[in-house]
Amino acid sequence: NHDFDVVSAARNWRLDSVTPATPAAVVGELFASDVLTLDELRHRLSKPVFRSLQSTIEGGATLDPAIADTVALAMKTWAMEKGATHYTHWFQPLTGYTAEKHDSFLSPTSEGSAIAQFGGKELIQAEPDASSFPSGGLRATFEARGYTAWDPSSPAFIMRHANGATLCIPTAFASWTGEALDLKTPLLRSVEALNKSVLKALDLFGHTESRRVVSTLGAEQEYFLIAEEYYYRRPDLVMSGRTLFGAQPPKGQELEDHYFGAIPDRVLSFMTDAEMQMYALGIPVKTRHNEVAPGQFEIAPIFEHSNVAADHQQLVMQILRNTARKYGLVCLLHEKPFAGVNGSGKHCNWSMGTDIGLNLLEPGDTPHENVQFLFFCAAVIKAVDLHQDLLRVSVASASNDHRLGANEAPPAIISIFLGEELTDIFNRLESGQGGRGAEAGVLGLGVSVLPPLPRHAGDRNRTSPFAFTGNKFEFRAAGSSQSISMPITVLNTIVADAVSTLTEQLQAKLAASQEFDAALAELIRETYVQHKRIVFDGDGYSEAWHQEAERRGLLNLRTALDAIEQLGSDKNVALFEKFNVLSQREVEARQEIMYDIYFKTVNIEGETTEYIAQTQILPAALSYLKDLSAVGVKSRAVEGTTDEVTRVVDDLYDALQILREHNAALGGEEVHQKAHHMRDHVLPAMQAVRQAADKLERIVSEQHWPLPSYRQMLFVK
Ligand code: ADP
Ligand code: MG
């Protein structure tokens with residue numbers, strides 16, 4: 001009697017709604033066609049104006065206000081040629097989503113016509129009403145305004161929808177008192193911190209060719225697709241992004257028949273469509289494939305400057321969500337939409353690159369390049385060990401808690417996987433054994449030539465949260481739905497810190513008239529010895545590792561709240577302030593917001609669980625009991641089923657009373673008290689309700705069951 005139909009869900013897409021794939025030749029023309037690139041600007045601006053703008057974009061110089069009007073005019077002309085009718089400052093408030101408020105290019109005049117209005121003033125700054133964005137107390141309520149400021153280092157682009165287009169101008173978002181209210185501002189500041197630290201280190205190495213250092217980033221996005229038909233019949237998915245109920249299907253991911261399998265036509269069409277839109281926006285997507293869980297997929301771009309990569313990553317999520325709808329699908333970005341099958345992450349591939357195209361985490365060809373590489377590797381090891389807590393906080397959320405440490409994705413314990421070759425090198429350094437064979441001893445203290453490192457040392461440890469993968473590190477703990485800005489901000493900052501410490505230590509050794517190579521080798525060795533407890537190449541899922549990690553004194557911040565508590569520690573505030581990434585007030589505000597989002601997320605889930613159990617599942621079970629009682633024949637089957645359903649339905653009822661009490665109580669006034677109440681009381685109470693409900697799902701007649709099942713949702717493609 002239910003109003004969803006598995007057959008129509010399977011059929012609910014029509015080829016005629018599908019955009020035909022664009023041939024390769026056209027892809028070349030398509031790429032970045034909706035982006036206001038430097039090249040495009042060069043054609044549209046006079047030489048002096050362009051040069052001035054270019055030094056702002058590439059060199060981080062402040063924008064000359066005198067050219068703002070000219071640039072704005074060029075932008076508007078370009079955008080209107082592209083069909084844009086509106087423009088918006090596009091920013092990333094602390095919700096983790098993007099925000100936009102559109103203004104028309106046209107303003108009506110008193111004579112009844114309209115004029116286009118978009119000048120330097122509108123380009124550089126806007127004042128969206130900030131009162132409904134989270135500020136963590138930074139913005140007193142009487143001062144509701146915030147302002148957005150143009151970020152010229154991320155290019156403007158055109159966002160298209162079914163019947164129009166909008167010029168999007170990437171911006172930072174701050175309060176009038178100058179505090180960052182967004183995710184971009186600290187990211188930009190952290191890139192600057194990294195730039196300064198690393199340039200100083202390179203200077204010591206006698207490397208002067210590079211003028212600027214940035215962090216590079218490639219983010220692999222995992223997601224689920226399910227038929228739209230099911231989605232809207234699951235209030236839990238609609239309200240919370242994950243299923244709060246659902247019995248395990250007879251088949252999950254155990255056959256391993258989905259991973260890298262042939263991609264179904266409907267999904268492939270969706271992917272192709274989404275990729276074409278991403279190409280137009282200059283997002284260099286490269287790979288796509290099926291992931292481990294049924295209904296799970298992945299998309300990954302080629303790496304870019306991390307600020308642009310972070311903007312692009314937000315767009316990737318938005319395009320995936322929007323495009324799925326065209327195919328009768330819904331894209332789920334939640335970290336754990338379905339219990340019992342793998343969740344989704346967002347692997348952040350991170351490295352440091354210079355303006356002459358040098359990757360500082362790429363092992364080199366000469367001994368000199370190699371020690372430089374080892375120096376930066378040692379800095380990363382030091383950074384991760386000293387600031388395990390910050391990396392853990394940077395991926396902390398209620399939704400990621402279902403993943404981290406839940407026996408699938410990386411554990412909540414932060415450690416580094418170096419791979420066999422690199423571990424071997426550091427071990428040799430430590431024991432003073434030197435390099436291999438004839439080349440040993442070239443640098444006196446045993447650095448010598450590195451054994452040739454395979455450039456893409458395959459990543460053979462999928463359990464590590466932070467792995468060296470040949471020429472970059474891969475931070476795998478990030479959640480699929482989160483912005484990558486915070487993890488990257490943390491990585492940039494902690495590595496800037498470690499590089500700057502190591503640089504000072506090296507300088508001290510040189511000042512004590514040690515010879516450069518010897519000093520460097522000694523420094524790398526000391527650093528490794530001091531921080532090697534963070535290096536772990538074994539199975540990160542095992543119980544043995546939990547014990548071993550504890551013995552090593554590594555942090556195990558099991559839940560998001562344990563992690564969030566660490567954010568405002570003296571050590572962390574001092575670090576962020578030292579590198580001008582976040583002020584104490586900004587750190588405290590972020591901590592407050594993280595607690596608040598945690599609280600609200602679980603609160604919504606708790607309420608939704610209560611609602612569904614009370615108004616959908618309980619009535620379904622009771623109506624089944626009514627039908628059973630109406631059968632009228634004496635039968636073991638009727639009696640047995642009636643007894644069983646009765647027992648479980650009472651369990652459900654009891655669990656529901658407890659959940660209702662916890663939902664009604666909030667655990668205190670302070671936001672962290674509320675958050676703890678959610679974790680310690682609401683989540684377990686929800687679990688108890690779910691347990692009974694999932695049992696019922698397996699014994700109540702399918703015709704009475706009100707929700708699409710895992711069996712249906714995960715396998716319609
Ligand atoms: P895999 O992880 O399957 O071995 P790759 O090594 O080619 O695949 O890359 C995975 C991701 O890492 C891609 O998004 C890629 O762009 C990114 N990546 C490669 N090199 C770098 C780098 N120097 N900095 C940041 N990301 C990188
Ligand atoms: Mg990878």
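Position numbers for residues count from 1 along each chain, tracking the sequence in the order it is written. Going through the entries in the order they are written, you letter the chains from A and number the ligands from 1. Reporting in this predicted model follows two pLDDT cut-offs: at least 70 for local features of residues, and 80 or more for side-chain atom pairs to be given and counted; totals over whole chains, interfaces and linings ignore these cut-offs and use all residues. Each side-chain value is worked out from all heavy atoms of the structure, with water and hydrogens disregarded.

### Remarks on the site of ligand 1
Which entries qualify depends on this criterion: Here a residue is near a molecule or strand as soon as one of its heavy atoms is found within 4 Å of it. Think of a polar contact as two N or O atoms within 3.5 Å of one another; within protein, one of them needs to be a possible hydrogen donor and the other a possible acceptor, and neighboring residues in sequence only count if both atoms come from side chains. The Shrake-Rupley method, run with a 1.4 Å probe sphere, supplies the accessible areas, and residue values consider only the shown protein chains as cover. By definition, any uninterrupted DSSP run of H or I lasting at least four residues is a helix, any uninterrupted run of E lasting at least two residues is a strand, and each is numbered from the N terminus. Under the scheme applied here, ten amino acids are nonpolar (Ala, Val, Leu, Ile, Met, Phe, Trp, Tyr, Cys and Pro), four are charged (Asp, Glu, Lys and Arg), and all others, including Gly, are polar. By convention here, the domain bounds are inherited from an automatic or database domain assignment.
Taken together, Thr216, Leu217, Gly218, Glu220, Pro301, Ile302, Phe303, Asn349, Ser351, Asn359 and Lys472 are the residues near ligand 1. A distance of 3.3 Å is found between a nitrogen atom of ligand 1 and a side-chain nitrogen or oxygen belonging to Asn359. Lys472 places a polar side-chain atom, nitrogen or oxygen, 2.6 Å from an oxygen atom of ligand 1. Considering ligand 1 on its own, with 550 Å² of exposed area, one finds that the protein chains cover 69% of that surface. Among the elements of the structure, β9 (213-227) and β14 (346-354) are those that each provide at least two residues to the shell around ligand 1. A total of four residues in the shell around ligand 1 trace back to one element, the largest contributor, which is β9. For the shell around ligand 1, a count of residues per class yields four nonpolar, five polar and two charged. Split by domain, the residues of the shell around ligand 1 number at least three in each of domain 2 (183-203 + 351-430 + 439-582) and domain 3 (217-245 + 252-350).

### A few points about a nonpolar patch on the surface
Defined as follows: Like-charged residues are merged into a patch within 9 Å and nonpolar side chains (Val, Leu, Ile, Met, Phe, Trp, Tyr) within 5 Å, provided each residue has over 30% relative accessible area and no salt bridge. Salt-bridge detection follows one rule: a side-chain nitrogen of Lys or Arg within 4 Å of a carboxyl oxygen of Asp or Glu.
Where nonpolar side chains cluster on the molecular surface, the patch consists of Tyr232, Val238, Met239 and Ile604 and spans about 380 Å² of accessible area. Mapping Ile604 onto the fold places it in helix α20 (residues 584-629).

### Overview of the environment of Leu707
Condition: For each residue, the accessible area found with a 1.4 Å probe, counting protein chains only, is set against the maximum for its type, and the residue is called buried under 20%, exposed over 50%, and partly exposed in between.
Here Leu707 is to be found in the loop between α22 (671-699) and α23 (710-713). What makes Leu707 buried here is its relative accessible area of 2%. With 477 residues separating them in the primary sequence, Leu707 and Tyr230 have C-alpha atoms 8.3 Å apart.

### Observations regarding the pattern of salt bridges
Considering all chains together, one arrives at 34 salt bridges under this definition. Put simply, Lys184 and Asp151 hold a salt bridge, and the shortest N to O gap is 2.6 Å. Placement of Lys184 in helix α7 (residues 184-204) and of Asp151 in the loop between β6 (146-150) and β7 (157-161) is noted, with a sequence separation of 33 residues between them. Here the two residues Lys184 and Asp151 agree in accessibility, since each one is buried. Ionic pairing is found between Asp424 and Arg428, a salt bridge with its closest N-O pair at 3.0 Å. With a gap of four residues between them, Asp424 and Arg428 both fall in helix α14 (residues 420-431), about one helical turn apart. You can call Asp424 partly exposed: its relative accessible area is 23%. Salt bridges linked by common partners bring Glu40, Arg44 and Glu81 together as one network.

### Re the confidence of the model for the chain
Atom-level detail of predicted coordinates should not be read off regions where pLDDT is low. What counts, and what does not: Scored from 0 to 100, pLDDT records how confident the predictor is in each individual residue. Residues count as neighbours in contact if any of their non-hydrogen atoms are within 4.5 Å of one another.
For the chain, per-residue confidence averages 89 on the pLDDT scale, and 89% of positions sit at 70 or higher. Contacts from residues 435-450, a stretch scored under 50 in pLDDT, to residues over four places away or in other chains number 34 contacts.

### Considerations on the nonpolar core
Put simply, the rule reads: The definition of a nonpolar core used throughout is a set of buried Ala, Val, Leu, Ile, Met, Phe, Trp, Tyr and Cys residues joined through side-chain atoms within 4.5 Å.
Grouped together as the largest cluster of nonpolar side chains are 123 residues, with contacts concentrated most on Trp350, Met352, Phe375, Phe376, Phe426 and Leu696. Take this core: its biggest share by element is 14 residues, from α20.

### Some thoughts on the side chain of His546
Relative to the helices and strands, His546 is located in helix α17 (residues 543-552). Excluding residues that lie within four positions of it along the chain, His546 makes contacts with Ile413, Asn556 and Arg558.

### A closer look at the pairing of strand β8 (residues 164-175)
Threshold: Pairing between strands is defined by DSSP: at least two bridges between the two strands are required.
Counting buried residues in β8 gives 11 out of 12 residues, a clear majority hidden from the surface. Bridging between strand β1 (residues 86-91) and β8 involves five bridges; their strand directions are parallel. Looking across to β8, one finds that Thr88 is bridged to Cys168. Pairing between β6 and β8: five bridges, direction antiparallel. Each residue of the ladder has a partner; that of Gly146, found in β8, is Ser175. Bridge count for β7 against β8 is five bridges, and the pairing is antiparallel. Bridge assignment links Phe157 to a residue of β8, and that residue is Cys168. As consecutive antiparallel partners, β7 and β8 are separated by two residues.

### Some details on the pairing of strand β11 (residues 296-301)
Burial runs high along β11: five of the six residues are buried. In this sheet, β11 lies alongside strand β10 (residues 285-290) in antiparallel orientation, the contact comprising five bridges. Among the inter-strand pairings, Asn290 is bridged to a residue of β11, identified as Phe297.

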